[in-house]
Amino acid sequence: MELERKDGMIERVVCIRDIWRGNGSRTWKDTSLSSNLSESLRSSQYFVMSWNDFLSHWTSIHVGIIARPSEWSCHRVQSEWFGISAASESSLRSPQFQLVCRGHDKKDFYDNTSRFVHIMLTQRKPTRGEDAPMGCRVLERCAPGYRKLQHFSRDKIAERWPVQSRYLHLNFSLKARQCPVTIVPYRMQAGRQNRFFMTVFTPKDSDARIDSIPYDCTGYKHERRVSGYIHERESGGSFPVHSTWHRNPQYSFHVQTSERVVFIMERRAYSSDLTDDRSHALISPTISIGFVVFYVGRSRIDTSRSIESEGYRSQLSYIPHDSTMPVVRHISRLANEGEIVDELNLDAGHYILIPASSEPGFPFPFSLSALSMSRIELIKRVGEPIVRVSR
């Protein structure tokens, strides 16, 4: 608005509500310009500030919504990005919350009515430096009470791309058949720890609630995680593009009965054994990561030896029981992401998993995890090769 000063000049000002009730800007609080306010605004709760001064102190304006208690339900959650959850934007380690609409029963499953949902995310002001970029995504096709292991683009309902701010707002429409949905607040940069508050506004008739999903609620009984560091001399590149792929670290594991196993390869090592900067370093952003799984056979193998190869056997549609050569069971995609997650149906037998980068000669820390219903041990293989595989 524009107000007239005592000298007759016109001053462009902003009317601000004094939420500190007198402890705010005393310079503009005592100005005579406030006497020009209307009767409804002329109180101790409001004061005016010069538009130029306002621009010098504030960089953005967030317009809030009026949540009438008779129409809206407000759900507040406090959490943090800490330790393993302070992961990158694609990481399943990030905090996850499920929005469950208890009012959406079976008779409403085919109801196409969309219900408006508003999410407000606020991170604590860092003690030093600038605010780290943060984002938020909403995913469907979720198992009630379990974490979302894979963030497929087809499951995405809405996403707010990372912004370098203390505040983030996300609006989306939700249908009954999409519930429950998983809300994932994430950081753009891995390792940036901070606390945050999340407020979710839902319609009153949806009778919704917000549940925090613990880290170990994956739907599997066991998780085995190992961390390591690939030195420059060990980095042999990807399989089967580079002939030196066998130099990469190799891990053997045994599957007792046919079952489904989820493998996760991450760019970062979460091991207390790596006490130097290697445990916190990140791989070059231009390098992609992935892994390959070999089937070795049903008989027990020597876990102290690794595979060496001048070539590889083509991937087969079935696994021969009398195979004397390692068989390619799975080749993951190579991607420049925080982690690679693949779900495999494995037959009983012994396997070897080999992590790799897209190019040889690049050292980096990594972490491998195996989620399964029965316990699986990942054992690092060293020493002489157990077999030389030829084309």
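That block above? That's the structure.
An account of the accompanying structure is given in this report. Source: prediction; values computed, not measured.

Criteria and thresholds
- Residues numbered from 1 in each chain as written.
- Predicted model: local features only at pLDDT ≥ 70, side-chain atom pairs only at ≥ 80, totals over all residues.
- Heavy atoms only, no water.
- 1 Å grid on protein atoms, 1.4 Å probe; cavity = no way out; pocket = protein on both sides within 12 Å on 5 of 7 lines; lining within 4 Å.
- Points joined across faces, edges and corners; volume = space filled by probe spheres on them.
- Phe/Tyr/Trp six-rings, centres within 6.5 Å; stacked < 30°, edge-to-face > 60°.
- Helix = DSSP H or I, 4+ residues; strand = E, 2+ residues; numbered from the N terminus.
- Buried < 20%, exposed > 50% of the residue type's maximum accessible area, 1.4 Å probe, protein only.
- Polar contact = N/O pair within 3.5 Å; in protein donor to acceptor, adjacent residues only side chain to side chain.
- Contact = heavy atoms within 4.5 Å.
- Salt bridge = Lys/Arg side-chain N within 4 Å of Asp/Glu carboxyl O.
- Pairing = 2+ DSSP bridges.
- Axes fitted to C-alpha atoms, helices over the stretch in contact; angles between N-to-C directions.

Next up on the list: empty space enclosed by the protein. Evaluation of the coordinates by the stated rule reveals 1 cavity of 30 Å³ or more. Counted as a void, the largest cavity has a volume near 40 Å³. If you trace the largest cavity, you find it lined by Leu92, Arg93, Arg147, Leu149, Tyr215, Thr218, Glu223, Ile264 and Leu371.

Taken as a whole and assessed by the stated rule, the structure comprises 13 aromatic pairs. Aromatic side chains Phe97 and Phe196 sit 6.3 Å apart centroid to centroid with 85° between the ring planes, which places their arrangement in the edge-to-face category. Here Phe97 is found in strand β5 (residues 96-101), whereas its partner Phe196 is found in strand β11 (residues 194-203), with 99 residues between them in sequence. Neither residue differs from the other here; Phe97 and Phe196 are each classed as buried. Ring plane angle 50° and centroid distance 5.3 Å describe the contact between Phe253 and Phe263, whose orientation is recorded as tilted. Remark: Phe263 occurs in strand β15 (residues 259-266) and Phe253 occurs in strand β14 (residues 250-255); sequence separation between them is 10 residues. Across the pair, exposure class does not vary: Phe253 and Phe263 are buried alike. Connected via pairs of aromatic rings, a cluster forms that spans Phe253, Phe263, Phe291, Tyr295 and Tyr351.

Now for the side chain of Gln96. Its place among the elements puts Gln96 in strand β5. Here Lys148 takes part through its backbone nitrogen, which lies 2.8 Å from a polar atom of the side chain of Gln96. Discounting chain neighbours no more than four positions away, the residues touching Gln96 are Arg147, Lys148, His151, Thr182, Ile183, Val184, Asp211, Ser212 and Ile213.

So, about the pattern of salt bridges. Across all of its chains, the model carries 9 salt bridges by this definition. In this structure, Arg141 engages Asp155 in a salt bridge whose closest nitrogen and oxygen atoms are separated by 2.7 Å. In this pair, Arg141 is assigned in the loop between β7 (134-139) and β8 (156-163) and Asp155 in the loop between β7 and β8, connecting sequence segments 14 residues apart. Here Asp155 ties to Lys148 by a salt bridge, and the two come within 3.1 Å at their closest N and O atoms. For the pair formed by Asp155 and Lys148, the shared burial category is buried.

This part is about the sheet that holds strand β16 (residues 289-297). What the 5 strands build is an open sheet, ordered β18-β16-β20-β14-β22; its pairing is antiparallel. A strand with exactly one partner marks an edge of an open sheet, and here the two such strands are β18 (327-331) and β22 (379-381). Here the average twist between neighbouring strands, direction ignored, is 35°. Note that β16 and β18 share 4 bridges and pair antiparallel. Following the sheet pairing, Val292 is matched in β18 by Ile331.

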